[in-house]
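# Structural features, examined
Chain by chain, the residues:
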Amino acid sequence: MLTLYGYFRSSAAYRVRIGLHLKNIAYQDHFIHLAKGIQHNASYQKINPQQLIPSLELEDGSVLTQSLAILEYLDAVYPTPRLIPEDPMIAAKVRAFALAIACDIHPLNNLKVWQYLKNDLHVNALESGWYRHWLLNGLTALEQSLSSQSQTTGFCFGETPTMADVLLVPQLYNARRFKTNLDAFPKLLAIEQHCTSLPAFIKASPAEQADYEAESN
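Summarised in this report is the structure supplied together with it. In this text, all values refer to a predicted model and were calculated from it rather than measured experimentally.

### Some remarks on the packing of helix H8 (residues 163-177) against helix H9 (residues 186-195)
With their axes 10 Å apart at the nearest point, H8 and H9 run at an angle of 105 degrees to one another. With respect to H9, the axis of H8 lies roughly perpendicular. Across the interface between the two elements, Asp 165, Leu 168, Val 169, Leu 172, Tyr 173 and Arg 176 from H8 touch Leu 188, Leu 189, Ile 191, Glu 192 and Cys 195 from H9. Residues belonging to the contact of H8 with H9 are distributed by class as follows: 8 nonpolar, no polar and 3 charged.

### Some details on the nonpolar core
In a soluble, globular protein the nonpolar side chains are often hidden away together inside. Among the nonpolar cores identified, the biggest contains 53 residues, and Phe 97, Leu 139, Leu 167 and Leu 188 are the most heavily contacted of them. Dropping the residues within four chain positions of it, Leu 167 is found in contact with Arg 15, Leu 68, Leu 71, Ala 98, Ile 101 and Ala 102.

### Quick word on the environment of His 33
Turning to its location among the elements, His 33 is positioned in the loop between strand S2 (27-31) and helix H2 (42-47). Each C-alpha atom of the pair His 33 and Tyr 7 lies 6.0 Å from the other, and the pair is 26 residues apart in sequence. Engagement of the side chain of His 33 in a polar contact is seen with the backbone nitrogen of Ala 35, the distance being 3.4 Å. A distance of 2.8 Å separates the side chain of His 33 from the side chain of Glu 213, its partner in a polar contact.

### Quick look at the environment of Leu 111
Mapped onto the elements of the fold, Leu 111 is located in helix H5 (residues 111-119). Once the C-alpha coordinates of Leu 111 and Ser 10 are considered, the two residues, 101 residues apart in sequence, prove to be 9.4 Å apart. Beyond its immediate stretch of four places on either side in the chain, Leu 111 contacts Leu 34 and Gln 39.

### Examining the sheet that holds S2
Ordered by their spatial adjacency, 4 strands build an open sheet running S2-S1-S3-S4, and the pairing between neighbours is mixed. Two strands lie at the open edges of the sheet, namely S2 and strand S4 (63-65), each paired on one side alone. Strand after strand, the sheet turns through a mean of 25 degrees between neighbouring axes, direction not considered. Bridging between strand S3 (residues 55-57) and S4 involves 3 bridges; their strand directions are antiparallel. Across the sheet, the residue bridging to Ser 55 is Thr 65, located in S4. On top of the sheet, helix H1 (residues 11-22) reaches strand S1 (2-6) and S2; it is set at about 155 degrees to S1, its chief contact. Packed onto the sheet, helix H3 (residues 67-77) meets S3 and S4 and runs at close to 125 degrees relative to S4.

### Brief notes about the pattern of salt bridges
Tallying each qualifying case throughout the model produces 3 salt bridges. A salt bridge links Asp 75 to Lys 23, with the shortest nitrogen-to-oxygen separation between them at 2.7 Å. Of the two residues, Asp 75 is situated in helix H3 and Lys 23 in the loop between H1 and S2; the sequence distance between them amounts to 52 residues. The exposure class of Asp 75 is buried, given its relative accessible area of 5%. For Lys 23, a relative accessible area of 7% gives the class buried. The residue Glu 72 makes a salt bridge to Arg 95 at a minimum N-O spacing of 3.0 Å. Of this pair, Glu 72 sits in helix H3 while Arg 95 sits in helix H4 (residues 88-105); the two residues are 23 residues apart in sequence, bridging distant segments of the chain.

What counts and what doesn't
- Residues numbered from 1 in each chain as written.
- Predicted model: local features only at pLDDT ≥ 70, side-chain atom pairs only at ≥ 80, totals over all residues.
- Heavy atoms only, no water.
- Axes fitted to C-alpha atoms, helices over the stretch in contact; angles between N-to-C directions.
- Helix = DSSP H or I, 4+ residues; strand = E, 2+ residues; numbered from the N terminus.
- Parallel < 35°, antiparallel > 145°, perpendicular 65-115°, else oblique.
- Contact = heavy atoms within 4.5 Å.
- Nonpolar A, V, L, I, M, F, W, Y, C, P; charged D, E, K, R; others polar.
- Core = buried A, V, L, I, M, F, W, Y, C linked by side-chain atoms within 4.5 Å.
- Buried < 20%, exposed > 50% of the residue type's maximum accessible area, 1.4 Å probe, protein only.
- Polar contact = N/O pair within 3.5 Å; in protein donor to acceptor, adjacent residues only side chain to side chain.
- Pairing = 2+ DSSP bridges.
- Salt bridge = Lys/Arg side-chain N within 4 Å of Asp/Glu carboxyl O.

Below, the structure is given as C-alpha cells:
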C-alpha cells in the first residue's frame, strides 16, 4: 500500500489527498507535525531531504516528493479519471493554473518562509501584509483567467475535476485560515463550492484527517 507523509492543514499534502481520493487509490497516512518541527527529524530527512511534505512512498519503497510531481505520477500510473486532460491546449491551461498556485502563490507563504521572515528579518507575514499581498495578487490573476465556461461546469476547465481544481481548493482553505476576504473572486468561490460537495474532496479535507486539530498550534 502507498504511504502518504502529510499534515492535515498542509495545502500541498491536501492536494495529494484529493488526487488519491479522486482516483480511489488506497493509501495509509504517516503524519508529520509541521508546527512541532517533525519534518526536521533525521529519520524524515532520509525520506525527504528537503524536509517538506508531502512525500509518497510507493510499495517498492521508492519515495516521490513535490505535490505536482506526485500528481503527475498518479495520472500516469492511474489514468482514470485524468487530472490532466489529453487535449494539449487544455492540458497546458490546467498546468499553468496549477503552477500559478504551486510556484507563485504558495512558496511565498510557506511555513519556512514565514519562519525566516519572523526569526531573521523580524517581519510578521500577517501583520505586515506580506501574506495577503501575494495571495490576493495571485488569486486576482486566476479569477481573470477563467472563462464563463467554468461557471456552467463547476470546474476550472472541462466537465470533471483537474489538477487546477485540486490545487485551488487547498489554496482557498489556506486563505480562510488567515481570515482573508475572498469576495472579489466569485468564479473561484463557485468552483470551490462545487468541488467541496464531492466525496473525494470531502474525504481529503483537513477536518476529516486523523491528525486534525481544531485549534492552531
